[in-house]
Amino acid sequence: MIARPQANPLATILAERSAALLSDWTERLRASGALASGRIREAELQTQCRTVLDLLTTAVAAGLDAASPAYGPLRDMLTDISRSRAAQGFTPTETVSFVFSLKPPLFEAIGTAKGMDPAAATRTICDLTLMIDALGLHTMEVFQKSREETIIRQQREIAELSTPVVKLWDGVLALPLIGTLDSQRTQVVMENLLESIVAQTAEIAIIDITGVPTVDTLTAQHLLKTVSAARLMGADCIISGIRPQIAQTMVHLGVELNVVSKATLADAFALALRRIGRTVAPLKAAVRDREQPAG
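Residues numbered from 1 in each chain as written. Predicted model: local features only at pLDDT ≥ 70, side-chain atom pairs only at ≥ 80, totals over all residues. Heavy atoms only, no water.

J.: Residue-level account of the pattern of salt bridges, with values.
T.: What the rule picks out here adds up to seven salt bridges. Of the charged contacts in the structure, one is a salt bridge between Lys167 and Asp170, with a shortest N-O distance of 3.0 Å. With a relative accessible area of 46%, Lys167 lands in the partly exposed category. Taking relative accessible area as the criterion, Asp170 reaches 58% and is therefore assigned exposed. The structure contains a network of salt bridges with shared partners spanning Asp24, Arg28 and Glu108. (Salt bridge = Lys/Arg side-chain N within 4 Å of Asp/Glu carboxyl O. Buried < 20%, exposed > 50% of the residue type's maximum accessible area, 1.4 Å probe, protein only.)

Below is the structure:
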């Protein structure tokens, strides 16, 4: 009588050889340099391996389909590991190798399992390969998404830091721009400027474009949008820092800003002070005027 093959021999192997598999897996990770970077400690690596192996043992008992609900806790654990490693600066290879390095110990365990005929071993290895590959792809997708989210967040933070609104005087704000203006950055510029206008009850906003390398039609449109938004909030705008090369380019392109402009930030600031009824005078002259007797 021919013996019927086991329904799920991998579940039995994981349950009976969990300690040996854990030891073999962690040893392979050490040998591959998983601890060499110093970004993860051996105790943490050991805990991650043990938890993943326990969750895998539970999931495999329900089948070898990595997309099934039984693998949900395991996928969640791998998601947390991927996000953590993305934040810690691990490479994609280092991250996905954590999962793929589990294959050799499992292959060896299947090959040395007692009572398993070659055909059953081959089927189990094929099913195991598909399952581990699916988990590895899941790990890589989460890692890549986490890296992209980090990059987008850093770009947003850099954009906010590169568009500071400075209070020059009561009622006078300055917005120095550095780099190229695009639609996304213009939105950040608008938000920062409008919030500062409201918070400071500013009457005049100076937009300094000394650090903008070129002004083309699109950049001029972005500047006009910012000026229009500021005017709606009750603040007049002055643009400063238009260099001769930029002025010539704007003339050739037929770009009209329709807003007061000055060559330097100092000139724009002086104009802003005059508009709010203030002036800057040498200290000695101001003292002399106060000391002169009346009449």
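J.: Any details on empty space enclosed by the protein? Residues and values, ideally.
T.: One pass over the full model with this rule turns up two cavities of 30 Å³ or more. If you add up the space inside the largest cavity, you get close to 50 Å³. Taken together, Trp25, Val52, Leu56, Leu78, Phe98, Val99, Leu102, Ile132 and Leu135 make up the full set of residues lining the largest cavity. Broken down by secondary-structure element, the contributors of at least two residues to the lining of the largest cavity are helix H3 (42-60), helix H5 (92-100) and helix H7 (118-161). Looking at the lining of the largest cavity residue by residue, the class counts come to nine nonpolar, no polar and no charged. Considering the residues around the second largest cavity, the lining is formed by Leu175, Leu177, Leu181, Thr186, Val189, Ile207, His222, Leu223 and Thr226. For the lining of the second largest cavity, the elements supplying multiple residues, two or more each, are strand E2 (172-178), helix H8 (183-200) and helix H9 (217-232). Counting residues per element, the lining of the second largest cavity draws most heavily on H9, at three residues. For the lining of the second largest cavity, the per-class residue count stands at six nonpolar, three polar and no charged. (1 Å grid on protein atoms, 1.4 Å probe; cavity = no way out; pocket = protein on both sides within 12 Å on 5 of 7 lines; lining within 4 Å. Points joined across faces, edges and corners; volume = space filled by probe spheres on them. Helix = DSSP H or I, 4+ residues; strand = E, 2+ residues; numbered from the N terminus. Nonpolar A, V, L, I, M, F, W, Y, C, P; charged D, E, K, R; others polar.)

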